[in-house]
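Residue-level structural notes
The lines below spell out each chain.
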Number of protein chains: 2
Amino acid sequence: MAQHPQTIFHETTLPSPSLLQSRREIFHAVGVKAQLAQLRKTGRYTCFDLKWQPGVYDDLSRWPCPPPVYWDSDVAKWIEGACYLLLDRYDAEVDAAVRAIVDMMRSAQGDDGYLNLYFTVIEPEKRWSNLRDQHELYNAGHLVEAALAHSKYYKNDLLLEPIIRYVKLIRSVFGPEEGRRHGYPGHPETELALLRLHAVTGNQDAYELGRYFIEERGNPTGQHGQHYYDWEAEERGDSPWKRPNSYVHAYDHFYNQSHKPILEQDTVEGHAVRAILWDNMVDRKMYLTGGIGAMLNWEGFGIDYFLPQGTDDGGCYNETCASIGVMMLAERLLHLDLDSRYADVMELCLYNTVMGAMGLDGRSFTYVNQLASSEKDNDRRESWFETSCCPPNLMRLFGSIGGYLWDYGSPAADEVFVNVHLYTTAEVSFETGGGAKVSFAQLSDWPQDGKVSFQIKAPSTLKTTIRLRWPSWSPDYKITPSTAEEFECVGGYIVIPSSYTSKHSEFTVDFDGFAPRQVYPHPYTNQHVVALARGPVVYCVEDTDNPWEKDHFRDTGLARHGEIQERSRSMPMPLGSGDQAEKQCHYIELQAKGWTRKHEKGSDTRGRGRGQKSIRQAYAAEKEADNEEAVTLVFLPYYLRANRGGRGMMRVGLLRE
Amino acid sequence: MAQHPQTIFHETTLPSPSLLQSRREIFHAVGVKAQLAQLRKTGRYTCFDLKWQPGVYDDLSRWPCPPPVYWDSDVAKWIEGACYLLLDRYDAEVDAAVRAIVDMMRSAQGDDGYLNLYFTVIEPEKRWSNLRDQHELYNAGHLVEAALAHSKYYKNDLLLEPIIRYVKLIRSVFGPEEGRRHGYPGHPETELALLRLHAVTGNQDAYELGRYFIEERGNPTGQHGQHYYDWEAEERGDSPWKRPNSYVHAYDHFYNQSHKPILEQDTVEGHAVRAILWDNMVDRKMYLTGGIGAMLNWEGFGIDYFLPQGTDDGGCYNETCASIGVMMLAERLLHLDLDSRYADVMELCLYNTVMGAMGLDGRSFTYVNQLASSEKDNDRRESWFETSCCPPNLMRLFGSIGGYLWDYGSPAADEVFVNVHLYTTAEVSFETGGGAKVSFAQLSDWPQDGKVSFQIKAPSTLKTTIRLRWPSWSPDYKITPSTAEEFECVGGYIVIPSSYTSKHSEFTVDFDGFAPRQVYPHPYTNQHVVALARGPVVYCVEDTDNPWEKDHFRDTGLARHGEIQERSRSMPMPLGSGDQAEKQCHYIELQAKGWTRKHEKGSDTRGRGRGQKSIRQAYAAEKEADNEEAVTLVFLPYYLRANRGGRGMMRVGLLRE
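It should be emphasised that the depicted structure is a prediction, and the values quoted were computed from it without experimental measurement.

Turning our eyes to something else, we now look at the overall build of chain A. Of regular secondary structure, chain A possesses 16 helices and 20 strands. Over its C-alpha trace chain A gives a radius of gyration of 26 Å, about what one expects of a compact globule, namely 26 Å for 657 residues. Each of the three principal axes of chain A carries a C-alpha extent, and together these read 80 × 75 × 50 Å. For chain A, with 657 residues in total, the buried portion stands at 62%. A fraction of 68% describes how many contacts in chain A between residues 6 or more apart in sequence connect residues 24 or more apart. Of the roughly 23900 Å² of accessible surface on chain A, a fraction of 51% belongs to carbon and sulfur atoms. Computing the positive centroid from 70 side-chain charges and the negative centroid from 90, chain A places the two 4 Å apart.

Residues and elements named next belong to chain B. Taken together, 6 strands build an open sheet; the order of strands is β1-β4-β5-β6-β11-β8 and the sheet is antiparallel. Edge positions in the sheet fall to β1 (12-13) and β8 (477-480), since each of these pairs with one other strand and no more. Bridge count between strand β4 (residues 426-431) and strand β5 (residues 437-444): 6 bridges; the pairing is antiparallel. Along β5, the bridge assignment pairs Val 428 with Phe 440.

Another aspect to go through is the UniProt feature "domain: Non-reducing end beta-L-arabinofuranosidase-like GH127 middle" (unreviewed entry) in chain A. Here, the residues flagged by UniProt with the feature "domain: Non-reducing end beta-L-arabinofuranosidase-like GH127 middle" (unreviewed entry) are residues 418-496 of chain A. With 0% helix and 53% strand, the stretch residues 418-496 of chain A has end C-alpha atoms that lie 10 Å from each other.

This part is about the nonpolar core. Within the largest apolar cluster, 386 residues are counted, with the highest numbers of intra-cluster contacts made by Trp78(A) and Trp78(B). Those residues within four positions of Trp78(A) in sequence are excluded, and the remaining contacts are Val32(A), Gln35(A), Leu36(A), Leu39(A), Val94(A), Ala97(A), Val98(A), Pro392(A) and Met395(A).

Once that is clear, we can look at the sheet that holds strand β3 (residues 415-420) of chain A. All names here are of chain A. Taken in spatial order, the 5 strands of this open sheet run β2-β3-β7-β10-β9, and their pairing is mixed. Strands at the two margins of the open sheet, each flanked by one partner only, are β2 (406-412) and β9 (488-490). For this sheet, the mean angle separating the axes of adjacent strands, direction not counted, is 25 degrees. In this sheet, strand β10 (residues 493-496) lies alongside strand β7 (residues 463-469) in antiparallel orientation, the contact comprising 4 bridges.

Taken together, the contacts link 68 residues of chain B with 68 residues of chain A. Across the contact surface, chain B and chain A share 0 salt bridges. Put simply, chain B and chain A have 14 residue pairs in polar contact (both at pLDDT 80 or more) between them. Contributions of two or more residues to the side of chain B that touches chain A are made by α11 (278-284), α13 (340-354), β9 (488-490), β12 (517-519) and α16 (616-619) of chain B. At 5 residues, α13(B) tops the list of elements feeding residues into the side of chain B that touches chain A. Residues that form the side of chain B that touches chain A fall into these classes: 29 nonpolar, 19 polar and 20 charged.

All names here are of chain B. Tallied over the entire structure, the rule returns 78 salt bridges over all chains. Across the pair Arg 597 and Asp 555 runs a salt bridge, and its minimum N-O distance is 3.4 Å. With Arg 597 in strand β17 (residues 584-597) and Asp 555 in the loop between β14 (537-542) and β15 (556-558), this pair connects stretches of sequence that are 42 residues apart. A residue is classified by how much of its surface remains accessible, and Arg 597, at 7% relative accessible area, is buried.

In this section: the state of the cysteines. In protein structure, a disulfide is the covalent linkage between the sulfur atoms of two cysteines. Residue and element names in this part refer to chain A. Per the counting criterion, the structure on display carries 0 disulfides over all chains. Summary of cysteine pairing: Cys 47 is not part of a disulfide, and the nearest cysteine sulfur, belonging to Cys 65, is at 16 Å. Cys 47 gets classed as buried once you look at its relative accessible area, which sits at 2%. The thiol of Cys 321 is unpaired, and the distance to the nearest cysteine sulfur, on Cys 390, comes to 3.5 Å.

Reading the values: rules and limits
Residues numbered from 1 in each chain as written. Chains lettered and ligands numbered in written order. Predicted model: local features only at pLDDT ≥ 70, side-chain atom pairs only at ≥ 80, totals over all residues. Heavy atoms only, no water. Helix = DSSP H or I, 4+ residues; strand = E, 2+ residues; numbered from the N terminus. Rg over C-alpha atoms; globule rule 2.2 N^0.38 Å. Buried < 20%, exposed > 50% of the residue type's maximum accessible area, 1.4 Å probe, protein only. Contact = heavy atoms within 4.5 Å. Areas by Shrake-Rupley, 256 points an atom, 1.4 Å probe, with all protein chains shown as cover. Lys, Arg positive; Asp, Glu negative; His and termini not counted. Charge placed at Lys NZ, Arg CZ, Asp CG, Glu CD. Pairing = 2+ DSSP bridges. UniProt positions renumbered as here; feature names shortened; annotations may be inferred. Core = buried A, V, L, I, M, F, W, Y, C linked by side-chain atoms within 4.5 Å. Axes fitted to C-alpha atoms, helices over the stretch in contact; angles between N-to-C directions. Salt bridge = Lys/Arg side-chain N within 4 Å of Asp/Glu carboxyl O. Polar contact = N/O pair within 3.5 Å; in protein donor to acceptor, adjacent residues only side chain to side chain. Nonpolar A, V, L, I, M, F, W, Y, C, P; charged D, E, K, R; others polar. Disulfide = S-S within 2.5 Å.

Here it is in structure tokens:
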């Protein structure tokens, strides 16, 4: 049975400073309470007293999703993340807030087990009437995740018990049986939560429901011979032409991936947070920052290779939650198929789109993660969003980040293995089948540097196999102490056999690939641009470091050759309290030669006034060479953008020579 | 008062073969009757007997536009084009068909003057209920154009009289007056027709209505304090969420350019056939073929510089009718502002998107004119379309093409001028203010060759000024007989003064620019491609001439340097009858050096099987040089594509070195 990160993350500790640890510290110091304050301020937290009336939130006309329909999930994600953080370090205020909201949720539950804020307080008669759009089952899924996190920390079932009752109710409404509804969540997620509930508690309702939701999805004739969402739309009396703005055409079902049964879907379509098909996504629909979802209109996937950098180029959405979803899928796939291509993408998302989605102050976020800014969409952060899934989602991810670093286990009493997916400074302790204590530690300055030291503490009788991900961007590596025989590489993982670990309980791997490199998008993207990367980190330019820039680096190019200089820099983390000297974020700045292009003036000599353009400009040859100006470009990691004010100008991919 | 092409085209004759004349001949020989047969076959023509019942056409459920709502306009455009052709050469079958449909239309008119097929036969109760989408006023406009063409040829008012009654009825329903509806056509066009009706007949209803429709458009509070289209939607009981597929968001009005009053619109948005703003369109939203409208979803304009070549690149629509609309606007603007930038675009559209929209057989058409084919959208032609505006629109354009070649007139009794916009072989005859006969002829092999000879036949006492458009793509020109003083150039027109024409009644201009040239799209298009052009003609590659191609030339590039060879070729025009030897379309083929790129196989050496791709491929550096194969590329004019079968692969812009 797969060990989920949320289940085992606490077996891994982050004992000393690292980039990952510093992110979790931001949530400890600021994030968890700042988000609680927002949840309170916006009514999301307090409304579980059921005293909430329209007026607390007025935009209930928004169809099909007045924002309160997914408030439950915002609160549930916060509870989940808060419990992960509490497990790492106690905080009285957070503890009290969790206890209070759990009490409110318990008393908010109906006698029949129903537990949903919006459909209890505002539109009770609409219960189960719009699974497609109104997030009712999605909320239930996040309540399940919250309950599991809660019971893990509090070791009681104050939240788990009512949630299991709620799941029982849902099971009584949905399923293959005659007379039950053959529906499924418009926004998948519930399925993962239900299967995890079954994995942890053995709950059978959860298993049957989760499996049914997955297998029934996209059935064209599931409900009285109709597609379930067509049937419920008719039940609501909706015209087929009455469709959400995110649906391109009437009768479309691709938005929520119910256009076909899941096993028949061979391309990844629709809303990018909802479903992910690996190969099509990674090879044709993923940005080099690990972002997915080029299309604003449905917050989702465009056609193959359609990956414009920003709004002025034709679009780019890349919601934070979508890349978190990629990480969750990658982690699960690694259990089924240990291949570094999954872990590489997990790391790509982590150190670029996901890490960049929160500001160093712990109070500011990006929801959309474009690769280039524009006048319309500046490179800025917000303290909260009307739809605020991303901030608490980041908290639960970094709260359980230990669970993503590695797999480990003991296939036999005298054997253990650790498969290392992500490098940082961390230590994991677990027991063998025979009950012996094992601990495994890694120490590194990743992602600034490719040198990682390992230490195994285990009885000498144990056969210990370590597998180290060899990142695809790393051309070579060196392991010390060295050894005569070559290490085998399987699925992109370097296998350190027990014959080696028995001799060397401490060893070091040093990966190449930390020299800055130029990367290009796939030719079919029609993006004739080049970006800089170093290790797993993708870089960008900002106007703060390049104050001469005037138009979002739209006319700025990077020299094909020429040295790229590295400078060690740091940025303060304004966490408000504590010793600021310790609160610095270290990073490596890059400087490279580039140019910026001026456009020819539109005037000619054929009896027109200046500015009277001739059609020639519309399709004439570029005269770049004539009007380029050399500049020195200063780059910083994409994950550190929008932390220092500035004029909101940023770009990852620059023009190529 | 501006002379419209439809009014004066007959003063210009095309006495001997030219590319333009051959296109009109195709309509004489095949087009006009082939389209009549389609109109009959599909019920469009016959249904004016009012015997039509559902069953003739079954897809009336399509909302908001069951195709029959614009059938009237298809028939009206055919009548208009047929009358233009009759004026050039009599044809008994066409004559009889026009007389018959006019009789049917007369008897189809209601006692109150109402004349619309769909809202008479199918949904009489819905009259005037959906101006936004249902083309009721648009149809009326095309009936007006048909009536003007009919009365011009037949010199009677058998059609004009009922249409003027219909206009009177419409005026009684719409206008600024209290109690009248403050609406306007969802699809503009009616306005042009009404103002032309006024120009020809002085009809006051037409003037007031045309002007009102223009000035009222986009008024946010025109009808009972609401936008007219919001008001009528409420009257229909439509939910604001019930919107046509072509409307991106509820409450959008940009699709039909009613989002603002016209004078306040500073960018060109929405459906590209409906409205055109010159500078923004030409400089930022026009393809190098003269096509406009990148977005399939609303058949219209995208954001600035968003000009992908085809479906696989992110979209490209370029409806034929949209470029015909550009030509009509350009012709009108030339009356207000004699500047070659308008005529250059008029010619660009004519010789590329517009001319390419009909096959050499006169029976096959393109509706969408992409610059690159794909598996989804092959480079093919259809014999007819469900929405079939384009074929008859081409007929009326080429039927009246003489009216687009030049302006001419006699500002004073002893002065005449001719402003030559388009070069071909043609002759125009007109009278001076003093009643003297003037004729002016041009003779050329345009667009194959830049040499044009002119002949003036006019009393020697007349002061004759000739202005010749100097195409923007032409670097230089030579006029013979030469003369000591330089010719002045005003607004891109070379002025041949009366001092010259009085000495030389015959002279020749020879324009450079007929050597093949490489053209590039604007850098902001993100299209790193290059295309070939020669004179006004843009070229493309097809698999017929390049049989080795396998994937729509997606991986094919053009060498930056290297000779481009010209070959004189011809293609048969299968017009079915007559002497085929005379029915050949001559053109110049180009051959140039290029390359085609192979992609690296997805396999690596890290313990994976072949085909197991590493993430690196998704954003790795291109290795073009490693896997390019030299090829010789064969190009033909874009306007001749899809005439010879083949596998439907075509591309204009190829990869750049």
